[in-house]
Amino acid sequence: MSEDEFILVNRRRRRKKFEQVFRDQLSLTESNEIEIDKEIVVRKLFDAVPKLKYSVFKTHILHNISKVLKILNTNKIFEIICYGLGRFSQHNSSKYQLALLLLLKRHYNCQVSLYDPAFLAKEIEILKELKLNVIETNEEGKRTISDNVTFIYMPHCPRQLINNFLYSNWNENLSNCILLTNSFSDIVEKSLKWHLMKFANYVLRIYPYMTEIKLQNDFEYTEVFSATSIHIFTKQSLSEVSSNFWIDKENPHYQEKDIEFITADETDRSC
């Protein structure tokens, strides 16, 4: 990928602490107080893209995506949807996660739509100038995918956002989804069942029917893609569900004190 493509037209109790840090880091109240230099941000992105492009990790992830596409009987990704990227102008992990998103966009020649309520105004300008589609409203992860193979990119997102996405696509169409996010195995196996029932019920229910490929975390900055996996739900696996599996569907409801993500109401109040 050349730089010309980027030229701008001028877990448990311990986990609770992490979740609060996540929300504080993405607080909307400070958005209007932060100023960034677009030229510096883009220059740092220029540096990040080739570092990731020529890494063993990038080769590894493309190999695994090709493998799951073969399982899904296609070689094409029609759209990439990204939630929870974070402030890439300020956080190293977000910057490299965006770099991978740009590499995937070029490799699969597909549209990319993304959203994070914490994006700063100038970050949104940069994303649009990079020809990425910035989703206008806070969907809280509840976007329904099409009948075409869609790549869902949710690096290090809260379990509740993953849960929300599964709820919105709770049908056999999940077989058209490739989901790159926190390892489902880690979520399920390292959490108490009552906790999962409360915060990640759909993750727990789909878990027996998913195929997971854990990413080899050998990138230079190991925190960027740590505990991240690719997940698919094959038609063969989904054919094994019970007759009422999809019918039992209720909109996830989380108590305000337990919410791990920035809600649509919070976003509206900040406007």
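As shown above, the structure is provided for reference.
Residues numbered from 1 in each chain as written. Predicted model: local features only at pLDDT ≥ 70, side-chain atom pairs only at ≥ 80, totals over all residues. Heavy atoms only, no water.

J.: Can you help me understand the packing of aromatic side chains in this one?
T.: Ring pairs (aromatic) are described by centroid distance and by the angle formed between their planes. A complete count under the given rule lists 16 aromatic pairs for this structure. Ring centres 6.2 Å apart and planes at 70° place the aromatic pair phenylalanine 88 and phenylalanine 119 in the edge-to-face group. Of this pair, phenylalanine 88 sits in the loop between strand 1 (79–83) and helix 4 (92–108) while phenylalanine 119 sits in the loop between strand 2 (111–115) and helix 5 (121–129), and the two are 31 residues apart along the sequence. Looking at phenylalanine 88, the relative accessible area reads 4%, which means it is buried. Ring centres of phenylalanine 219 and phenylalanine 225 lie 6.1 Å apart, and the angle between their planes is 65°; this geometry places the pair in the edge-to-face category. Taken together, the aromatic side chains of Tyr167, Trp170, Tyr202, Tyr209, Phe245 and Trp246 make up a single cluster linked through ring pairs. One Lys or Arg, lysine 76, reaches over the ring of phenylalanine 78 and ends 5.4 Å from the middle of that ring. (Phe/Tyr/Trp six-rings, centres within 6.5 Å; stacked < 30°, edge-to-face > 60°. Helix = DSSP H or I, 4+ residues; strand = E, 2+ residues; numbered from the N terminus. Buried < 20%, exposed > 50% of the residue type's maximum accessible area, 1.4 Å probe, protein only. Lys NZ or Arg CZ within 6 Å of the ring centre and 35° of its normal.)

J.: I keep staring at the sheet that holds strand 3 (residues 133–134) and nothing clicks. Help me out?
T.: The strands that make up a sheet pair up through hydrogen bonds in the backbone, lying either parallel or antiparallel. With respect to topology, 7 strands assemble into an open sheet ordered 3-2-1-4-5-7-6, the strand pairing being mixed. Two strands in the sheet have a free side with no partner beyond their single neighbour: strand 3 and strand 6 (211–214). Both strand 1 and strand 2 contribute to a ladder of 5 bridges, which runs parallel. Its bridge partner being in strand 2, isoleucine 80 is matched across the sheet by valine 112. Sitting on the sheet, helix 6 (residues 159–168) is in contact with strand 4 (150–154) and strand 5 (177–182), with an inclination near 165° to strand 5. (Pairing = 2+ DSSP bridges. Contact = heavy atoms within 4.5 Å. Axes fitted to C-alpha atoms, helices over the stretch in contact; angles between N-to-C directions.)

J.: Before we go on, may I ask you to explain the pattern of salt bridges in this structure?
T.: Side-chain pairing between opposite charges can occur once the charged atoms of the two side chains come close. Applying the stated rule across the entire model yields 11 salt bridges. The residue lysine 128 makes a salt bridge to glutamate 136 at a minimum N-O spacing of 4.0 Å. For lysine 128, a relative accessible area of 46% translates into the label partly exposed. The residue glutamate 260 makes a salt bridge to arginine 159 at a minimum N-O spacing of 2.5 Å. (Salt bridge = Lys/Arg side-chain N within 4 Å of Asp/Glu carboxyl O.)

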